Amino acid sequence: MGSRLVGTFVLGLGLSLSALSPVWAGETPYPSTYQPLPSSNVLLQNGTVLDGLGGQFSNADLLINNGKISAVGPDLTAPEGTQIIDATGKWITPGIIDIHSHLGVYPAPGVQAHNDGNEVTNPVTAEVWSEHGIWPHDPGFNRARTGGITSLLVLPGSANLFGGRGVVLKNVPSRTVQGMKFPGAPYALKMACGENPKRVYGEKGGPGSRMGNFSGYRKTWIKAVAYRDKWAKYKEALGKAKPEDEKQPSAPDRDLQMETLVGVLDGDIRVNMHCYRADEMAQVIDLSKEFGYKVTTFHHAIEAYKISDLLKENGTCAAMWADWGGFKMEAYDSIRENIPMVHHAGGCAIVHSDSEVGIQRLHQEAAKALADGRKAGLDISKAEAWQWLSSNPAEAMGIGDQTGSLTVGKDADIVLWDGDPFSIRTRAEMVLVDGALLYDQNNQEYQAVSDFELGQPGNGEEK
Amino acid sequence: MIRFLTILTVFILSPMAVLAADFAITGGKVITNHNGEIIENGTVVIKGDQIIEVGTASSVTIPAGFETIDVKGKWVTPGLFIPFSRVGMVEVALEKTTNDTRAKESPFSVALQAIDSFNPKSENVAITRLEGVTRMAILPDASHTIFGGRGALVDTSGSFAGERAAPAFVFIEMGEAGAGIAGGSRSASWTWLRQAVAEARAWRRGREPAEPLLLAADALALQQALRDDLPFLVHVERASDLMNLIHFKEEIGDINVIAIGATEGWMVAEHLEKAEISVILDPHDNLPQGFENLGATMYNAKKLHDAGVTIAMADLHDEAFNARLAPQHAGNTLATGLDWSTAFAAISSVPAQMFGVDGDFGQLVAGMEADLVIWDGDPLELMSAPDMVYISGEKQDMQSRQTQLRDRYMDKGADQTLPHAYR
């Protein structure tokens, strides 16, 4: 145990000395150990395919080879030994990706001991990482998989202005968090607007108002810029120093909080900001320009429909619910057409859950939003709507090159639905991650049971 | 019976009923909700606030002077009846001034009445109506005692009824939450409940308890509830708590008990059936959210139904803003084995039956209140929505603040020069 600790420390130090920019943003002392589970080569035949990029194909086949998508189209032929699955009457889609989850950090059972999602001790906790709070045995991961979730971003909560780092996971059962970490995925920084931080800290030293929120963001970014410059100066000096010089440049002290923020300034860490109101999102866009970073995604974005043009202009996604809102003032202007209106304006619309219940039915959220949009006169296809569930979140999370669409060469993260996934009667029949079958509705051997649920009432029942 | 008459009077006296016209809905797929009967190309005839005839197009003669509304290709159903909600009792949950769902500082418990907190003009009422809900049970939440108070049955028309709706049931919080409220254990909460009932009965016999647990107003309210045979709506999740509830019912005798929550109901389904305890559940409850829900499964509804237990369904976790999502919650039982008619009845006729108003609501048959919804497809489907809603024969406005916000910000082309506030 002791030697491993020392080893990690030395590794971290070595990295930070050897690179030009603060590499701690992109590298991590807690690397992914994820390995795709064993898979066979599979040919799904004669299904309705939504490719996740806006395309729909009837009577189409999909071939999986070595855990990757190797072909999509009509009448494919498969090499010998390929497992053939008849998908007649069934639908094939990319796995669903939830960009806003607290699975593992607010696990079931939701007992006091399990509150690991918010470091409610200071409004600025950019130094904490959600992966250090994730309990991999949360039964919610398995339930989410039965709803077709193949990847997810687990974020810290929204109590703080800077909540900490979020981590992208492959939704696979594992004994360790590292075994779930999506290889190569960038980290996220969770930030929060509006009511939550000022409610939590209003009587604990502030911020106590939206003004205080903004001064808190700005003061912290000013520190981050200075920290970045200090390290740059040091590295420059290090580059110029000769071995024979008597006085060698000394490294600045490390600051975990600042390391995450510099990761954002350098473009390695993606800002995911909880923000409801349109006017507030507009202010945050200016804030990001003031300090030279980008907000990748606004989360909840209840009023995104009011500024869909602004979001499009700035290339910022909006992750939204289909029809939840109303519970606080900043959620008061919730409308059911938010998602389709952002999409229709040419923006990046994402369906998110923020819920261990909602994550099991994100496709149903998309279906409701699509129906509401159509009823209001917006002409959007089911195939386009699937982008809200797979390619848009994948791009926003920085894993779009690996997953999120049925493109040749991408990870075979796939759901076979027993019918049209926009129907209430349809369920996921099979869920594959990197080509490996991890859920089969009709075969209990492929229905994962978490350690927590083993031997409990209902063990062995379908959930 | 008294309660039933009062409710009926309310609707007869309400101004909308007077305004309702005589008309017939023709050509639609009519879900009568009566013995599972579905009439393709059905006709529903409405006179005033009542349905006077339902049948096939060829069997029904529309009286002269009745307007005919053709809804070919649409579904016609009874209005939805939500068995558990706080719609109209809260505007913005986190803003205390707008939230009348619970009363932690009040000295009263059973005496509290949901109807006093109900605002027909609440935005939540309108958005609920737009999704096909015409009737709801509303109830106060429990906070400082296990009794939340007394619930009422209301409509979603947004109009002011002539009379105040009478108490329709008593809400009681047991299980984990109730144990916490009552002093820290289930032993405490069940003792509290038994003692409360004993006191109410003592008052009824004219004997004031020496050291009463309940205030006089609460004891009187409980006594009246027992006298009027109002259902006890009890929140319990764990199978052992449901067994406690069964024993409580046996002890008290002659009392109508509805279990709400009941995630582990399937584990004691036969006992519930035998004890004639009906259940209001949320099909989406399939996670062990607490140690009282370890056995949670999507198959709860199916298993309870198969055992003969009467089930109603609702969104039990967002009961104000999203009470309107009942069709999705009920619809999800279709993929776990429940038949369509049972799932639909669980959000329409069964709640009416649970609260003893099935003579008036929940079915499209002659003599019933004219609460109807015209849908553009299967009401349990995700992509269906109501086109028209009628409450007591009156056509409802299909706008809400939400739809107006939508219309204001919907792209209307380049000719808009003034700010959105002028649109």
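Everything numeric in this text was worked out from a predicted model, so none of it was measured.

Here is what the cut-offs are and how they apply
Residues numbered from 1 in each chain as written. Chains lettered and ligands numbered in written order. Predicted model: local features only at pLDDT ≥ 70, side-chain atom pairs only at ≥ 80, totals over all residues. Helix = DSSP H or I, 4+ residues; strand = E, 2+ residues; numbered from the N terminus. Rg over C-alpha atoms; globule rule 2.2 N^0.38 Å. Contact = placed C-beta atoms within 7 Å. Buried ≥ 20, exposed ≤ 12 C-beta atoms within 10 Å, placed from the backbone. Domains from an automatic or database assignment. Nonpolar A, V, L, I, M, F, W, Y, C, P; charged D, E, K, R; others polar. Core = buried A, V, L, I, M, F, W, Y, C linked by C-beta atoms within 7 Å. Axes fitted to C-alpha atoms, helices over the stretch in contact; angles between N-to-C directions. Parallel < 35°, antiparallel > 145°, perpendicular 65-115°, else oblique. Left-handed = near helix turned anticlockwise from the far one by under 90°. Pairing = 2+ DSSP bridges.

Remarks on the overall build of chain B
Helix and strand content of chain B: 13 helices and 16 strands. Computed over C-alpha atoms, the radius of gyration of chain B comes to 22 Å, within 12% of the 22 Å expected from 2.2 N^0.38 for 423 residues, which places it in the range of a compact globule. Considering only C-alpha atoms, chain B reaches an extent of 70 × 55 × 45 Å along its principal axes. Here the analysis covers contacts within chain B between residues at least 6 apart in sequence; of these, 68% occur between residues at least 24 apart.

Description of the overall build of chain A
Looking only at helices and strands, one finds eleven helices and 16 strands in chain A. At 23 Å, chain A has a C-alpha radius of gyration in line with the 23 Å of a compact globule built from 463 residues. In chain A, buried positions account for 55% of the 463 residues.

What about unusual backbone geometry?
Here the amide bond leading from Ala108 of chain A into Pro109 of chain A is cis, since omega sits at 0 degrees, within 30 degrees of zero. Relative to the assigned elements, Pro109 of chain A resides in the loop between β6 (96-101) and α2 (139-146). The residue after Gly206 of chain A, namely Pro207 of chain A, is reached through a cis peptide bond having omega 10 degrees. Examined against the element boundaries, Pro207 of chain A turns out to sit in the loop between α3 (195-201) and α4 (210-240). In this model, Asp434 of chain A sits at a positive phi of 50 degrees, which is unusual for a non-glycine residue. If you trace the backbone, Asp434 of chain A turns up in the loop between β15 (428-433) and β16 (436-440). Positive phi, normally seen in glycine, also occurs at Asp229 of chain B, with a value near 60 degrees. Checked against the element boundaries, Asp229 of chain B lands in the loop between α6 (216-227) and β10 (232-236).

Looking at the domain arrangement of chain A
All names here are of chain A. Each assigned domain of chain A is listed here: domain 1 (37-95 + 404-463) and domain 2 (96-402). Placing the centre of domain 1 and that of domain 2 at their C-alpha centroids yields a distance of 28 Å. With 29 residues of domain 1 in contact, the opposing surface of domain 2 contributes 34 residues. Only β5 (91-94), β15 and β16 provide two or more residues apiece to the side of domain 1 that touches domain 2. Here the element with the most residues in the side of domain 1 that touches domain 2 is β15; it accounts for three residues. For the side of domain 1 that touches domain 2, a count of residues per class yields 14 nonpolar, nine polar and six charged.

Points about the domain arrangement of chain B
How large an interface is tends to be reported as the accessible area lost when its parts come together. Residues and elements named next belong to chain B. Taken as a whole, chain B is organised into domain 1 (1-79 + 362-396) and domain 2 (83-356). One C-alpha centre belongs to domain 1, the other to domain 2, and the line joining them spans 28 Å. For the side of domain 1 that touches domain 2, the secondary structure elements donating two or more residues are α1 (2-13), α2 (15-19), β14 (372-375) and β15 (386-391). In terms of residue count, α1 provides more of the side of domain 1 that touches domain 2 than any other element does, eight residues in total. Split into classes, the residues belonging to the side of domain 1 that touches domain 2 amount to 17 nonpolar, nine polar and three charged.

Some details on the interface of chain A and chain B
With 45 residues of chain A in contact, the opposing surface of chain B contributes 37 residues. Breaking the side of chain A that touches chain B down by element, the ones donating at least two residues are α2 and α9 (362-375) of chain A. Per-element tally for the side of chain A that touches chain B: the top contributor is α9 of chain A, with six residues. By residue class, the composition of the side of chain A that touches chain B is 20 nonpolar, nine polar and 16 charged.

Topic: the nonpolar core
Ranked by size, the top nonpolar core spans 257 residues in total, and within it Ala318 and Ile350 of chain A together with Val44 of chain B carry the most contacts. Sequence-distant contacts of Val44 of chain B, defined by excluding residues within four places in its chain, comprise Ala24, Ile25, Val30, Ile51, Val54, Val76, Leu364 and Leu372 of chain B.

Observations concerning the packing of α4 of chain A against helix α6 (residues 278-291) of chain A
Packed helices, taken two at a time, are described by their axes: the angle between them and the distance between them. Residues and elements named next belong to chain A. Relative to each other, α4 and α6 sit at 20 degrees, their axes nearing to 10 Å. Compared by their axis directions, α4 and α6 come out roughly parallel. The two elements α4 and α6 cross, and the hand of that crossing is right-handed. Residue-level inspection shows Phe214, Tyr217, Trp221 and Val225 of α4 in contact with α6, the latter providing Gln283, Leu287 and Phe291. Its residues placed into classes, the contact of α4 with α6 shows six nonpolar, one polar and no charged.

Regarding the packing of helix α4 (residues 175-182) of chain B against helix α5 (residues 186-204) of chain B
All names here are of chain B. The geometry of α4 relative to α5 is characterised by a closest axis approach of 7 Å and an angle of 80 degrees between their N-to-C directions. Here α4 lies roughly perpendicular to α5, going by the angle between them. Residues Gly178, Ala179 and Ala182 of α4 form the contact with α5, whose participating residues are Arg186, Ala188, Ser189 and Trp192. When its residues are assigned to classes, the contact of α4 with α5 shows four nonpolar, two polar and one charged.

Some thoughts on the pairing of strand β9 (residues 169-173) of chain B
Residues and elements named next belong to chain B. The element β9 is largely enclosed, with a buried count of five among its five residues. Every second residue of β9 is oriented toward a common face, with Phe169, Phe171 and Glu173 on one face and Val170 and Ile172 on the other, all of them buried. By the bridge criterion, four bridges tie strand β8 (residues 147-155) to β9 in an arrangement that is antiparallel. Pairing of Arg150 across the sheet is with Val170, part of β9. Two elements, β9 and β10, share four bridges in a ladder whose sense is parallel. Looking at the pairing, Glu173 lines up with His235 of β10.

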